[in-house]
Amino acid sequence: MSNPRYMPRSFVIPPRDFGRRKPTDWREPDSSWTPLEIAQLEASQLQHQIAYGIVEEYLPHSEFRTITGLAAHLEMPYDRLQRMLNGRIVMALEDISRLRKLIGTPLDEWMRSADM
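Predicted model, so just to flag it, every value in this text is computed and none were measured. (Residues numbered from 1 in each chain as written. Predicted model: local features only at pLDDT ≥ 70, side-chain atom pairs only at ≥ 80, totals over all residues. Heavy atoms only, no water.)

> Looking at this structure, I do not really get the nonpolar core. What am I missing?
If you look at the biggest cluster of nonpolar residues, it comprises 29 residues, and the most contacted ones within it are I54, L70, L81 and L99. Going through the elements one at a time, α1 (35-58), α2 (67-74), α3 (78-85), α4 (93-103) and α5 (105-112) are the ones with two or more residues in this core. Among the elements that make up this core, the one with the highest residue count is α1 (six residues). For L70, the contacting residues outside a window of four places in its chain are I54, Y58, L59, F64, L81 and L102. (Core = buried A, V, L, I, M, F, W, Y, C linked by side-chain atoms within 4.5 Å. Buried < 20%, exposed > 50% of the residue type's maximum accessible area, 1.4 Å probe, protein only. Helix = DSSP H or I, 4+ residues; strand = E, 2+ residues; numbered from the N terminus. Contact = heavy atoms within 4.5 Å.)

> Explain the environment of L59 here, please?
Its location among the elements puts L59 in the loop between α1 and α2. Among the residues examined, L59 registers a relative accessible area of 4% and is labelled buried. Considering only alpha carbons, one finds L59 and L70, eleven residues apart in sequence, at a separation of 8.1 Å. If sequence neighbours within four positions are ignored, L59 has contacts with I54, F64, R65, T66, I67 and L70.

> Looking at this structure, how should I read the packing of aromatic side chains?
Two numbers describe a pair of aromatic rings. These are the distance of the centres and the angle of the planes. Across all of its chains, the model carries two aromatic pairs by this definition. With centroids separated by 6.1 Å and ring planes inclined at 75°, the aromatic side chains of Y6 and F11 adopt a geometry described as edge-to-face. For the ring pair F11 and W33, a centre distance of 5.9 Å and an interplane angle of 55° mean the geometry is tilted. With F11 in the segment before β1 (12-13) and W33 in the loop between β2 (25-26) and α1, the pair connects residues that are 22 residues apart, well separated along the chain. Members of the aromatic cluster, each reached through a chain of ring pairs, are Y6, F11 and W33. (Phe/Tyr/Trp six-rings, centres within 6.5 Å; stacked < 30°, edge-to-face > 60°.)

> Would you explain α5 in this entry?
Helical geometry note: an α-helix holds 3.6 residues per turn, so side chains three or four residues apart project in the same direction. Buried within α5 we find L107, D108 and W110. Along α5, the residues classed as buried sweep out an arc of 160° about the axis, all on the same side. Packing partners of the buried residues in α5 comprise α1 and α4. (Arc of directions from axis to C-beta.)

In structure tokens:
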């Protein structure tokens, strides 16, 4: 797999809070930020909301209870799911679709609640 263009967790202060803490402190854009960097920040906020929802709200009450079990059910490599949930790689639309089919309406609510 190629290196990601950016790491979503790099926009969180501290990065280890990505997908784990709510509320979360985010880097603040200034006049030096490009439109691409602002878009990456907003995408990171969306991915954080999804990751937080999965780890803190869905998994503890699901039949899977672990990221390992969720990865197996989604037929996704554990390492990829783990890195996606902790913001080390960018979540793809395909990932969102797979998760939405499994989780349903709560995933939509998590996305609507993003800080964007």
